[in-house]
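# Working through the structure, step by step
Listed here are the chains, written in short residue letters.
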Amino acid sequence: MLNLQLKISESKILKENCFGKTNNGCLVHSMCPFKLDLHANHISQNTLSPVLLSQVYDRELEKAEGFEQLADFCQTFKLHRGRVQNESEDPSVVGEFKGSFKIYPLPDDPSMPVPPRQFRKLPPNGLEQCLVRVYIIQAYGLQPKDANGKCDPYVKITLGKKSVDDHDNYIPCTLDPVFGKMFELTCSLPIEKDLKIVLYDYDMVTKDEKIGETIIDLENRFLSRHGARCGLPQSYCLSGVNQWRDQLKPSQLLHRLCEKRNYKLPVYKQDRIYFRGQEYTVADLDEGKPLNPHLGPVMERLALLVLRRQGLVPEHVETRPLYSPLQPDIEQGRLQMWVDIFPKSLGPPAPPFNITPRKAKKFFLRCIIWNTRDVILDDVSVTGEKMSDIYVKGWMHGHEENKQKTDVHYRSLGGEGNFNWRFLFPFHYLPAEQLCTVDKKEHFWSLDNAETKLPPKLTIQIWDNDKFSFDDFLGSLEMDLNHMLSPAKSPEKCGLEMFSQSQDKLVSLFEQKTVKGWWPCVRDRENEKILAGKVEISLEIISEQEQDERPAGLGRDEPNMNPRLDEPQRPETSFLWFSSPFKTFKFIVWRRFKWLILGFFVLFFIFLFLGVFLYAFPNYAAMKMVGPFSGVGKGTQ
């Protein structure tokens with residue numbers, strides 16, 4: 001023999017009213033041309049595994065494991081139009097029926113006690129006024145709606161006849177927007193139970209286009225025995241950023257849980273609670289951790305510990321897929337969010353959480369290029385010597401328009417370079433995410449700046465300067481400021497083996513604040529990395545306030561301090577050949593052709609003497625042979 005208990009909690013008809021109400025407020029079904037599809041459900045009595053930690057679900061809360069799709073109190077059945085007499089009539093869903101059925105056997109012996117009633121603690125039939133807080137964190141994987149392959153999303157929320165939108169705060173040029181917004185609405189359950197969250201693409205000229213939407217049944221969450229109206233946090237804090245936000249204390253929630261599930265009430269004794277045959281003490285509260293000054297009374301914290309082990313919904317973030325009515329079977333992206341429901345009959349709730357996205361802090365990277373060693377000699381001078389006119393270039397990723405370079409160390413004959421040159425790179429950084437934010441327009445015709453998050457990477461390159469052709473690239477070094485190679489203390493210890501450092505030897509500039517040493521620069525040659533040079537660098541991270549307190553100029557310009565950079569002591573061979581003719585002769589011509597020049601002058605004077613001798617000797621010999629002056633002298637005498 002079977003006994004059937006039927007409870008109809010609500011029925012909502014969209015097109016035709018085919019339900020009436022009895023005197024006690026129950027809904028009864030009358031004759032109507034609709035088809036009601038019911039299927040047998042087996043209600044599992046297995047105990048739920050405890051949820052001990054706050055979670056981020058990769059699906060909707062109702063599809064998370066252990067919560068019975070939040071349909072443990074009542075289930076929703078779609079109402080379809082019945083047999084149609086005309087093929088032109090719409091056979092679509094025209095309403096929904098909410099109810100719950102329990103079927104269990106009765107004993108054959110009438111004297112045996114009947115099974116306990118399943119529906120004991122029923123909610124009142126009247127309307128429940130609620131405050132609903134919707135926390136929209138972020139969306140990702142949205143379908144592009146603009147010609148640039150991006151969209152400008154904003155949120156619109158509808159609950160009953162009320163709606164709010166964030167049209168003025170759309171996020172430009174992104175498929176992964178971070179909203180960080182909380183919206184408050186009021187509703188009357190079960191009349192206004194469907195919470196609709198829609199993402200739109202903002203367009204300046206044309207009508208805004210719907211990206212996707214998701215619908216949440218607030219009534220199921222409100223009535224579920226899994227406590228889905230407000231997730232349980234990990235700790236009971238009376239103040240601070242994690243302040244308890246439910247209207248009821250943990251002990252009151254535990255009392256209501258016992259009433260709903262027909263449990264015996266807990267027993268409180270000093271610093272412990274006895275509940276369903278288990279003892280919960282202060283030792284179970286992880287007291288070994290540093291004491292949080294915001295924590296509440298011990299008994300309330302113990303009651304929260306008991307609640308967290310009863311399979312209730314924890315403090316969470318759910319990930320909901322977005323669908324478009326035009327393509328109902330194709331996911332248009334995903335939305336991360338959560339919802340809190342507070343009945344007004346229980347009093348005002350605590351202040352809402354602040355989920356405003358973190359603002360990036362402004363930092364400055366001071367990079368001083370001191371020296372280079374063993375740089376590839378890429379040029380050949382007019383005298384046949386291997387040399388390079390070395391300079392160093394640097395920039396941070398995402399700030400390529402702020403590339404900076406040193407002056408040129410001309411005629412480096414051994415790969416050495418001396419610079420004493422300061423780079424200064426301002427950037428915005430999120431310490432919690434360890435990412436830099438870059439706000440700039442993607443194209444010159446773009447109306448809004450698009451925000452991009454990038455790891456804080458510094459690129460250093462060594463170049464060979466050419467006056468009458470393009471400069472030649474020699475080698476580069478790329479460093480993630482959060483995971484940098486440990487520098488070598490001397491150029492002799494700097495080599496390619498540094499790239500094989502283990503993870504525990506990597507350093508973070510944001511933790512050490514300043515680092516100095518030698519790093520290797522590499523280049524590819526025939527699909528193989530070779531050492532292209534070594535650079536001595538000082539790196540320092542400072543905040544915007546420190547930059548104002550300890551200023552420093554670019555290069556060697558004023559204010560030349562912190563530290564002061566003197567002119568580099570470069571060898572005399574470092575000069576630009578056509579601007580220094582004397583040095584060109586001294587260090588290029590004389591050094592290489594000294595003996596050739598001396599031999600030339602010796603030969604020149606020898607040939608000059610011979611030429612003069614050959615020119616004067618015939619005349620001198622003739623004079624000696626003729627002796628004209630000697631005859632004149634004798635005749636006169």
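Residues numbered from 1 in each chain as written. Predicted model: local features only at pLDDT ≥ 70, side-chain atom pairs only at ≥ 80, totals over all residues. Heavy atoms only, no water.

### What about helix α2 (residues 250-261)?
What sets the pattern is the α-helix's 3.6 residues per turn: residues three or four places apart point alike. Spelled out, the test is: The way it works is that DSSP assigns letters per residue, a run of H or I at least four long becomes a helix, a run of E at least two long becomes a strand, and they are numbered from the N terminus. Helix span is expected to be 1.5 Å times the residue number reduced by one. Note on exposure labels: buried denotes an accessible area under 20% of the residue type's maximum, exposed denotes more than 50%, and partly exposed covers the range between, all computed with a 1.4 Å probe on protein chains only. In this context, the arc is that of the directions from the helix axis out to the C-beta atoms. Note on definitions: a residue-residue contact is assigned when non-hydrogen atoms from the two residues lie within 4.5 Å.
Between its first and last C-alpha atoms α2 spans 16 Å; for twelve residues at 1.5 Å apiece the expected length is 16 Å, and the two agree. Among the residues of α2, those classed as buried are P250, L253, L254, L257, C258 and R261. Projection of α2 onto a plane perpendicular to its axis shows the buried side chains occupying an angular sector of 145°, all on one side. Where α2 is buried, its residues contact β14 (267-269), β15 (272-275) and α3 (298-308). Positive backbone phi, at 60°, marks N262, one or two positions downstream of α2.

### Remarks on the sheet that holds strand β16 (residues 278-281)
Heads up, the condition is: Two strands qualify as a pair provided DSSP detects at least 2 bridges between them. Where helices are involved, their axes are fitted lines through C-alpha atoms of the stretch in contact, as for all axes, and angles between N-to-C directions lie from 0 to 180°.
The strand order across the open sheet formed by three strands is β14-β15-β16, and the pairing between neighbours is antiparallel. Of all strands in the sheet, those bounded by a partner on one side alone are β14 and β16. When strand polarity is set aside, the average angle formed by the axes of neighbouring strands in this sheet is 20°. Note: β14 against β15, three bridges, orientation antiparallel. Bridge pairing links K269 to R272 in β15. Here α3 sits on the sheet in contact with β14, β15 and β16, set at roughly 35° to β15.

### A look at the UniProt feature "transmembrane region" (unreviewed entry) in the protein chain
How we decide: UniProt positions are given in the numbering used here, feature names are shortened, and annotations may be inferred rather than shown by experiment.
Cross-referencing UniProt, the feature "transmembrane region" (unreviewed entry) maps to residues 595-617 in the present numbering. Counting secondary structure, residues 595-617 comes out at 100% helix and 0% strand; the distance between its end C-alpha atoms is 32 Å.

### Some words on a negative patch on the surface
Defined as follows: What goes into a patch is any residue over 30% in relative accessible area without a salt bridge, connected to like charges within 9 Å or, for nonpolar side chains (Val, Leu, Ile, Met, Phe, Trp, Tyr), within 5 Å. Accessible areas in this description were obtained via Shrake-Rupley with a 1.4 Å probe; residue shielding takes into account the shown protein chains only. Just to be clear on terms, a salt bridge is a Lys or Arg side-chain nitrogen sitting within 4 Å of an Asp or Glu carboxyl oxygen. When charges are counted, neither His nor the chain ends are considered; positive counts come from Lys and Arg and negative counts from Asp and Glu. A charged residue contributes its charge at one atom only: NZ of Lys, CZ of Arg, CG of Asp or CD of Glu.
Taken together, E544, E546, D548 and E549 make up a surface patch of like negative charges. Residue classification places E544 among the partly exposed residues on the basis of a relative accessible area of 40%.

### Some points on the pairing of strand β21 (residues 386-396)
Here β21 lies mainly inside the structure; ten of its eleven residues are buried. Here strand β20 (residues 379-380) runs beside β21; their pairing, made up of two bridges, is antiparallel. The residue of β21 that forms the bridge with D379 is M387. Sheet topology note: the β21/strand β23 (residues 409-412) ladder contains two bridges and is antiparallel. Paired with S388 across the strands is S412, a residue of β23.

### Observations concerning the nonpolar core
Our working definition: Joining through side-chain atoms within 4.5 Å is the link that ties buried Ala, Val, Leu, Ile, Met, Phe, Trp, Tyr and Cys residues into a set, and such a set is a nonpolar core.
Judged by nonpolar contacts, the single largest core of 37 residues is most densely connected at L365, L458, W519 and L539. Taken together, the elements giving at least two residues each to this core come down to β19 (361-373), β21, β24 (417-430), β27 (457-464), β28 (472-480), α4 (509-512), β29 (514-524) and β30 (529-543). If one sorts the elements of this core by residue count, β24 sits on top with five residues. Here L458 is in contact with L365, C367, W395, M396, F425, L477, E478, M479, L481 and L539, once residues within four sequence places are set aside. Counting 30 residues, the second-largest nonpolar core is a separate cluster that includes I136, L159, I197 and L322.

### Some words on α3
Across the eleven residues of α3, nine count as buried, placing the element largely inside the fold. Among the structural elements, α2, β14, β15 and β16 are those in contact with the buried residues of α3.

### Examining the environment of Y410
Mapped onto the fold, Y410 is located in strand β23. By relative accessible area, Y410 is classed as buried at 17%. The spatial distance from the C-alpha of Y410 to the C-alpha of D464 is 9.2 Å, given a sequence separation of 54 residues.

### Observations regarding the pairing of strand β17 (residues 316-324)
With respect to burial, β17 is a largely interior element, eight of its nine residues being buried. Across two bridges, strand β5 (residues 55-56) lies against β17 in parallel orientation. The partner of Q55 across the bridge, within β17, is H316. As defined by bridge partners, β17 adjoins strand β18 (residues 327-343) across six bridges and the pair is classed as antiparallel. Paired with Y323 across the two strands is E331, which belongs to β18.

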